[in-house]
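Take a look at the letters that make up each chain.
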2 protein chains.
Amino acid sequence: MPTTSRRTRPGSGRGRAVLDLPLQLERTEGNRPLQVHAGLRAAILGGQLPAGLRLPSSRALAAQLGVARNAVVVAYEHLNGDGLVETRQGAGTYVAAHLAARLPAPPGAAPPPPDPVEVPGRGACALGHTEADPELLRRLAGAVRRRMLRAGAAELGYGDPRGSEALRRQVAAHLAASRGLRCEPGQVVIVGGTQHGLRLCAEALLRSGDAVWFEDPGYPTARRTLEAAGLRPVPVPVDGEGLDVAAGRRGALARAAYVTPSNQFPTGATMSMARRLALLDWARAAGAWVLEDDYDNEFRYDGPPLTALAGLDGGDRVIYLGTFSKTLFPGLRLAYLVLPPAAVGPVLAVRATHDRFPPGLTDAAVADLMADGTLAAHTRRMRRRYRAARDLLAAALAEAAGGRLRLVVPPQGLHLVAYLPDGAEPGAAAAIRASAGIEARLVSEMRLVPGGPDGFVLGFAGHAPAELAAAAAALGRAVRNPDQCRVPSSESGSRGALAV
Amino acid sequence: MPTTSRRTRPGSGRGRAVLDLPLQLERTEGNRPLQVHAGLRAAILGGQLPAGLRLPSSRALAAQLGVARNAVVVAYEHLNGDGLVETRQGAGTYVAAHLAARLPAPPGAAPPPPDPVEVPGRGACALGHTEADPELLRRLAGAVRRRMLRAGAAELGYGDPRGSEALRRQVAAHLAASRGLRCEPGQVVIVGGTQHGLRLCAEALLRSGDAVWFEDPGYPTARRTLEAAGLRPVPVPVDGEGLDVAAGRRGALARAAYVTPSNQFPTGATMSMARRLALLDWARAAGAWVLEDDYDNEFRYDGPPLTALAGLDGGDRVIYLGTFSKTLFPGLRLAYLVLPPAAVGPVLAVRATHDRFPPGLTDAAVADLMADGTLAAHTRRMRRRYRAARDLLAAALAEAAGGRLRLVVPPQGLHLVAYLPDGAEPGAAAAIRASAGIEARLVSEMRLVPGGPDGFVLGFAGHAPAELAAAAAALGRAVRNPDQCRVPSSESGSRGALAV
């Protein structure tokens, strides 16, 4: 244990005792007294200078450290004010005795490193990627810079809980022009991602234990968000026309429905107009909310974006969730809600106890890129690229799989689904994925009720053509390997043949 | 109701019917077919083209709009795909009949504007302001720009739920050097403000109904956050040494304590070392969490920042909440948690169902400003300015109030408290505030248990010297007005004399 040395040597006097401990002075942080204070404090809190230890005189420590004596005097005063040392009149300065019972972790015993954190992967066919387009980044950086240089108290202080007015105006104009959704900027609330918006709505508009219709198969992240908010997602089957509203009506009473009507995730179904109207009728009759997650509507390849469900609703029961994670990138954390007027107040009241309001400068810069047409031009450019990526992946898969995969090539969005043949063994998809070394999600991972065909949900945006081709080849090889993809049949009934 | 005109005129033929409605074509959005589609869709959804209406032939509408016929043909196809029109073989195109039951809001009946949203004020002595320093903004803009231009898939995609590693490293180094808080970057979690962090901790580490010691008086925003998370703040009185731990122990069992030990909000008390150790002893024995909100520690005027409670704890029971809202500005939405290792996993699991992860580019830019010393230099500069503002406000108030206010001038932070004389009428402070036209908060507004002296919580940072002087003069006038600030006494006992 370190001590002050020579303190008992006859004739040496208290004044010349030194610390056996080499103090760490951060000579770039603050002034000299602050450096000495910080060094001593770290040593006390770290247990290197134990409770009750007498510290050297200010003169001796100053000499040892090569600093002015006054720096040590001031540092001792600060330590005293902080309660870490005690000055005994005429007897010197001691590490405070009351720290004895509170000795921190012994020297060297650093806290164990936290559990490794799971960050979404960037492997072959991983979902959620977009192009890091340098031109777009350059323009965004310029817009942020201009906004920052102009920023005053209004932009820097506590702001509107709905977020940047400039961005809300642009979003409202964009939705009216491209989605048939007419709304006031006051109904738009900027949030930090779709899940964030979903969470705020769940807490503001629903009660713990409420049932929520949930597409089956459906988006697992949204399911977890609803569950974490205390809600009870109930599976409603999906077919080629989207969510089966009649099946939902046969089930338990629900207070909301979470749907992806433009491009059902993951199946790619577009909800038919008949189903849309049936869903809205149900919502109106039940007093339920429809949570319309329109996650990739800007990437429709065969025509204009579909009319939003919220556009059919007259602004009553549908909450529209849009995002910039696909047109720009997820790292921006930029999404928005369009709320029926009656829902605005409750959602903002909840936000006041979460993040209060969103960061405004980047948001306003994005509004600038919408206003000057940069974002629309970028979206058109990316639409061409993503469409080409979709076609490349689909063609490569069709060739590589030799008919062993049924492809659903969507007219919209950034992913496609490749189904295994009907009757493939349970677990086959996971085995094939592992063998192919791709990061696809599985349809079976997105089901609430097990069963039905399994397959691979493959992202094609933000991946280089060569990567997509290689992934398709690997997946094709794995699928054609009879050990990997065994379909029970008269000639091959052994379940044990499945290699994992 | 608009109709197609001339459709019944003999000899005119269907082909030449035109819309009586002037279609709005957004000629800058998309190509011509998309413009025609969007215009028709808006008119259908807006009810101007009612269900069942026969639309003009493509030739006639093209002539009316002055566009190529093919643009209308394609637009009609898209409307058909969208379910908004029906094409009857040989009989033309009709607005879909099934829309009849679903007519949106009638034309002109826009949804009512949402409730006006309360944005925190910027009036005299309002809290929460900092200087909009142009030099700092210029450097921040430059750092953001550099980060954006360098950004790749890792920075733009779904990221680490703890936030920018660069920023977490800088925060950990800063806390070790300046607050005696040793932690790993893996224990730091970047959040969008202190309330956001508090909310995540409440949900991850506590249960609905749990009691939480809460300073009385204390920070109302934090109280609301805890309550919204289902917790039960229980008042524990505050005196000159901070939270009265012994009083807390006499009360009900609690699972956490929310404290502002460096600069108790609003009273300005510094928690004594004896109280700190008692609080930590309690937390350890009770298995409770201490939520240390260290909201303005960088602005200590008389010495180095105090040792963080979390620094005394050995990384066990204390959750440290720090923020950039004071060193930079609230509009950044940038704060951080330092979590005991055991709390990291649960908090991140909760975050996965909220905002998932924070925006990384601005955060990394702030890390750059920490690494190159810009932020430290800015903080020193602001410390001098805020100290001068504090001294100006205190001197002006002392002079203007003529002894009618008891000032508590803090050694730290961005606000001071001016108490009314003991025995002032209830309601006097609110009346004086209204009369003075200042935006001060009142101590009485921050009490959980009514009683005790009332006074004004006055922000001095981010306000111009002339504004502070004017506010002090106005407050002094109002306080010296005997109709405004009546103290019941032998010569004046009438409660009715209070003017509101």
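Residues numbered from 1 in each chain as written. Chains lettered and ligands numbered in written order. Predicted model: local features only at pLDDT ≥ 70, side-chain atom pairs only at ≥ 80, totals over all residues. Heavy atoms only, no water.

What is the right way to read the overall build of chain A from this model?
Scanning chain A from N- to C-terminus turns up 16 helices and 16 strands. In chain A, which comprises 500 residues, the proportion classed as buried is 58%. Counting contacts in chain A only where the partners sit at least 6 residues apart, residues at least 24 apart contribute 71% of the total. (Helix = DSSP H or I, 4+ residues; strand = E, 2+ residues; numbered from the N terminus. Buried < 20%, exposed > 50% of the residue type's maximum accessible area, 1.4 Å probe, protein only. Contact = heavy atoms within 4.5 Å.)

Is there a simple way to explain the confidence of the model for chain A in this structure?
The predicted coordinates should not be examined in detail at positions where pLDDT is low. All names here are of chain A. On average, residues of chain A score 87 in pLDDT, and 88% of them reach the 70 mark or higher. Confidence drops under pLDDT 50 across residues 1–16; counting only partners more than four residues distant or on other chains, this segment forms 30 contacts. Long-range and interchain partners of residues 105–109, a stretch whose pLDDT sits below 50, account for seven contacts in this model, where long-range means more than four residues apart. Model confidence for the complex is summarised by a pTM of 0.87, with the ipTM given as 0.87. (pLDDT = per-residue confidence, 0-100.)

It is not clear to me how empty space enclosed by the protein should be interpreted in this structure. Could you clarify?
Over the atoms a probe the size of a water molecule is rolled, and this reveals where empty space is left. Taken as a whole and judged by the stated rule, the model has seven cavities of 30 Å³ or more. Each pocket or cavity is described by its volume, and for the largest cavity that value is around 420 Å³. For the lining of the largest cavity, the secondary-structure elements that each account for two or more residues are α13 (360–371) of chain A together with β5 (188–191) and α13 (360–371) of chain B. Of all the elements, α13 of chain B adds the most residues to the lining of the largest cavity, at four residues. (1 Å grid on protein atoms, 1.4 Å probe; cavity = no way out; pocket = protein on both sides within 12 Å on 5 of 7 lines; lining within 4 Å. Points joined across faces, edges and corners; volume = space filled by probe spheres on them.)

What is the right way to look at the pattern of salt bridges in this model?
Opposite charge on two side chains permits them to pair, given that their charged atoms come into close proximity. For the structure on display, the rule yields 42 salt bridges over all chains. In this structure, the salt-bridge partner of Asp 294 of chain A is Arg 179 of chain A, at a minimum N-O distance of 2.0 Å. Of this pair, Asp 294 of chain A sits in the loop between β10 (289–293) and α11 (309–312) while Arg 179 of chain A is found in helix α6 (residues 165–179), placing the two residues 115 residues apart along the sequence. For the salt bridge of Asp 302 of chain B with Arg 387 of chain B, the shortest nitrogen-to-oxygen distance reads 3.6 Å. Residue Asp 302 of chain B is found in the loop between β10 (289–293) and α11 (309–312), and its partner Arg 387 of chain B is found in helix α14 (residues 374–401); the two are separated by 85 residues along the sequence. We classify Arg 387 of chain B as partly exposed; its relative accessible area is 33%. Here the salt bridges do not stand alone but share partners, grouping Arg 199 and Glu 203 of chain A together with Arg 199 and Glu 203 of chain B into one network. (Salt bridge = Lys/Arg side-chain N within 4 Å of Asp/Glu carboxyl O.)

Please explain the environment of Arg 406 of chain B as it appears in this structure.
All names here are of chain B. Within the secondary structure, Arg 406 sits in strand β13 (residues 406–408). Under the relative-accessibility criterion, Arg 406 is labelled partly exposed at 44%. When the C-alpha positions of Arg 406 and Ala 222 are compared, they lie 27 Å apart, and in sequence the two are 184 residues distant. Non-local contacts of Arg 406, meaning those with residues more than four positions away in its chain, are made with Val 417, Ala 418, Tyr 419 and Pro 453.

Explanation requested: the relation of the copies chain B and chain A in the structure shown.
By a simple turn and slide, chain B fits onto chain A: the slide is 0.0 Å along the axis, the RMSD is 0.1 Å, and the turn is 180°. The superposition of one copy onto the other is thereby described by a two-fold rotation axis. Across chain B, the smallest distance between a C-alpha and the rotation axis is recorded for Arg 145 of chain B, namely 3.5 Å. Looking at the interface residues of chain B, 100% of them are also at the interface in chain A, so both copies use one shared face. (Least-squares fit on C-alpha atoms with pLDDT ≥ 70 in both.)

Looking at this model, I keep getting lost on the sheet that holds strand β6 (residues 211–216) of chain B. Mind explaining?
Each strand in a sheet pairs with another by means of backbone hydrogen bonds, the pair being arranged parallel or else antiparallel. Residue and element names in this part refer to chain B. As summarised here, the arrangement of the eight strands in space is β5-β12-β11-β10-β9-β6-β7-β8, forming an open sheet in which the pairing is mixed. Only two strands of the sheet have a single partner each, and these edge strands are β5 and β8 (242–243). Summarising the sheet, β10 and strand β11 (residues 318–323) pair through four bridges and their orientation is parallel. By the bridge assignment, Leu 291 is partnered in β11 with Ile 319. Packed onto the sheet, helix α6 (residues 165–179) meets β5, β11 and β12 (335–338) and runs at close to 115° relative to β5. Contacting β5, β9 (256–259), β10, β11 and β12, helix α7 (residues 194–205) runs over the sheet at an angle of about 160° to β11. (Pairing = 2+ DSSP bridges. Axes fitted to C-alpha atoms, helices over the stretch in contact; angles between N-to-C directions.)

Which parts of the structure should I look at to understand the packing of α6 of chain A against α13 of chain A?
Working note: a packed helix pair is described by the angle between its axes plus the distance between those axes. Residues and elements named next belong to chain A. One way to put it is that α6 packs onto α13 with a least axis distance of 8 Å and a crossing angle of 40°. As the angle between them shows, α6 and α13 are arranged oblique. Two packed elements cross with a definite hand, and for α6 against α13 that hand is left-handed. Of the residues in α13, those touching α6 at Ala 166, Leu 167, Gln 170, Val 171 and His 174 are Asp 363, Val 366, Ala 367, Met 370 and Ala 371. Residues belonging to the contact of α6 with α13 are distributed by class as follows: seven nonpolar, two polar and one charged. (Parallel < 35°, antiparallel > 145°, perpendicular 65-115°, else oblique. Left-handed = near helix turned anticlockwise from the far one by under 90°. Nonpolar A, V, L, I, M, F, W, Y, C, P; charged D, E, K, R; others polar.)

Honestly, the interface of chain B and chain A in this entry has me stumped. Any pointers?
Buried accessible area, meaning the area lost when the parts come together, often serves as the stated size of an interface. The interface is formed by 99 residues belonging to chain B together with 99 residues belonging to chain A. Interface of chain B and chain A: buried area, both sides summed, is about 8,500 Å²; carbon and sulfur atoms make up 63% of it. Where chain B meets chain A, there are two salt bridges. For Glu 203 of chain B, the salt bridge identified is with Arg 199 of chain A, shortest N-O distance 2.6 Å. Joining chain B to chain A, the criterion identifies 18 residue pairs in polar contact (both at pLDDT 80 or more). (Buried area = accessible area lost by both parts, 1.4 Å probe. Polar contact = N/O pair within 3.5 Å; in protein donor to acceptor, adjacent residues only side chain to side chain.)

Sorry, what's going on with the sheet that holds strand β6 (residues 211–216) of chain A here?
Residue and element names in this part refer to chain A. The strand order across the open sheet formed by eight strands is β5-β12-β11-β10-β9-β6-β7-β8, and the pairing between neighbours is mixed. Of all the strands in the sheet, just β5 (188–191) and β8 (242–243) have a single pairing partner and so form its edges. Pairing of β6 with strand β9 (residues 256–259) involves three bridges; the strand directions are parallel. Looking at the pairing, Trp 213 lines up with Ala 257 of β9. Contacting β6, β7 (232–239), β8, β9, β10 and β11 (318–323), helix α10 (residues 273–286) crosses the sheet at an angle of about 155° to β9. Against the sheet, helix α12 (residues 341–351) contacts β5, β10 and β12 (335–338), and its axis sits at roughly 25° relative to β5.

Teacher, can you tell me more about the nonpolar core here?
Burial of nonpolar side chains together is a common tendency in soluble globular proteins. Counting 160 residues, the largest nonpolar core has Trp 213, Leu 279 and Phe 324 of chain A together with Trp 213, Leu 279 and Phe 324 of chain B as its most contacted members. Setting aside residues no more than four positions away along its own chain, Leu 279 of chain A makes contact with Trp 213, Leu 243, Val 245, Ala 257, Val 259, Met 271, Val 290 and Leu 309 of chain A. Membership of the second largest hydrophobic core comes to 35 residues, among which are Tyr 219, Leu 226, Ala 256 and Val 347 of chain A. (Core = buried A, V, L, I, M, F, W, Y, C linked by side-chain atoms within 4.5 Å.)

What should I look at first to understand the domain arrangement of chain A in this one?
Assigned domains of chain A: these are domain 1 (5–99), domain 2 (160–356) and domain 3 (382–492). The distance between the C-alpha centroids of domain 1 of chain A and domain 2 of chain A comes to 61 Å. (Domains from an automatic or database assignment.)

Can you help me understand the side chain of Lys 326 of chain B in this one?
By the secondary structure assignment, Lys 326 of chain B is in the loop between β11 and β12. Despite its burial, Lys 326 of chain B pairs with no opposite charge, the nearest such side chain being Asp 296 of chain B at 6.7 Å. Not counting residues within four places of it along the chain, the set of residues in contact with Lys 326 of chain B comprises Tyr 158 of chain A together with Thr 130, Tyr 295, Asp 296, Phe 299 and Leu 414 of chain B. (Lys, Arg positive; Asp, Glu negative; His and termini not counted.)

How should I be thinking about the packing of aromatic side chains in this particular structure?
Between two aromatic rings, the relevant description is the distance of the centres plus the angle of the planes. Tallied over the full model, the rule gives 16 aromatic pairs over all chains. With 5.7 Å between their ring centres and 65° between their planes, Phe 324 of chain A and Tyr 336 of chain A make a pair best called edge-to-face. In this pair, Phe 324 of chain A sits in the loop between β11 and β12 while Tyr 336 of chain A sits in strand β12, placing the two residues twelve residues apart along the sequence. Here the two residues Phe 324 of chain A and Tyr 336 of chain A agree in accessibility, since each one is buried. Plain terms: the ring middles of Tyr 320 of chain B and Tyr 336 of chain B are 6.4 Å apart, the flat faces sit at 25° to each other, and that makes the pair stacked. Here Tyr 336 of chain B lies in strand β12 and Tyr 320 of chain B lies in strand β11, a separation of 16 residues in the sequence. Each member of the pair Tyr 320 of chain B and Tyr 336 of chain B is classed as buried. An aromatic cluster of three or more residues is present, and its members are Tyr 219, Phe 265 and Tyr 295 of chain A. The aromatic ring of Trp 289 of chain A is capped on one face by Arg 317 of chain A, whose charged end is 4.2 Å from the ring centroid. The positively charged end of Arg 88 of chain B is found above the aromatic ring belonging to Tyr 94 of chain B, 3.7 Å away from the centroid. (Phe/Tyr/Trp six-rings, centres within 6.5 Å; stacked < 30°, edge-to-face > 60°. Lys NZ or Arg CZ within 6 Å of the ring centre and 35° of its normal.)

Looking at this model, I keep getting lost on the pairing of β5 of chain A. Mind explaining?
Each regular strand carries side chains that alternate between the two faces of the sheet. All names here are of chain A. Side-chain alternation along β5 places Val 188 and Ile 190 on one buried face and Val 189 and Val 191 on a second face that is also buried. Pairing of β5 with β12 involves four bridges; the strand directions are antiparallel. Pairing of Val 188 across the sheet is with Val 338, part of β12.

Help me understand the environment of Gly 193 of chain B in this model?
Residues and elements named next belong to chain B. Relative to the helices and strands, Gly 193 resides in the loop between β5 and α7. Its relative accessible area of 2% is what places Gly 193 among the buried residues. In this structure, the C-alpha to C-alpha distance between Gly 193 and Gly 452, residues 259 residues apart in sequence, is 31 Å.

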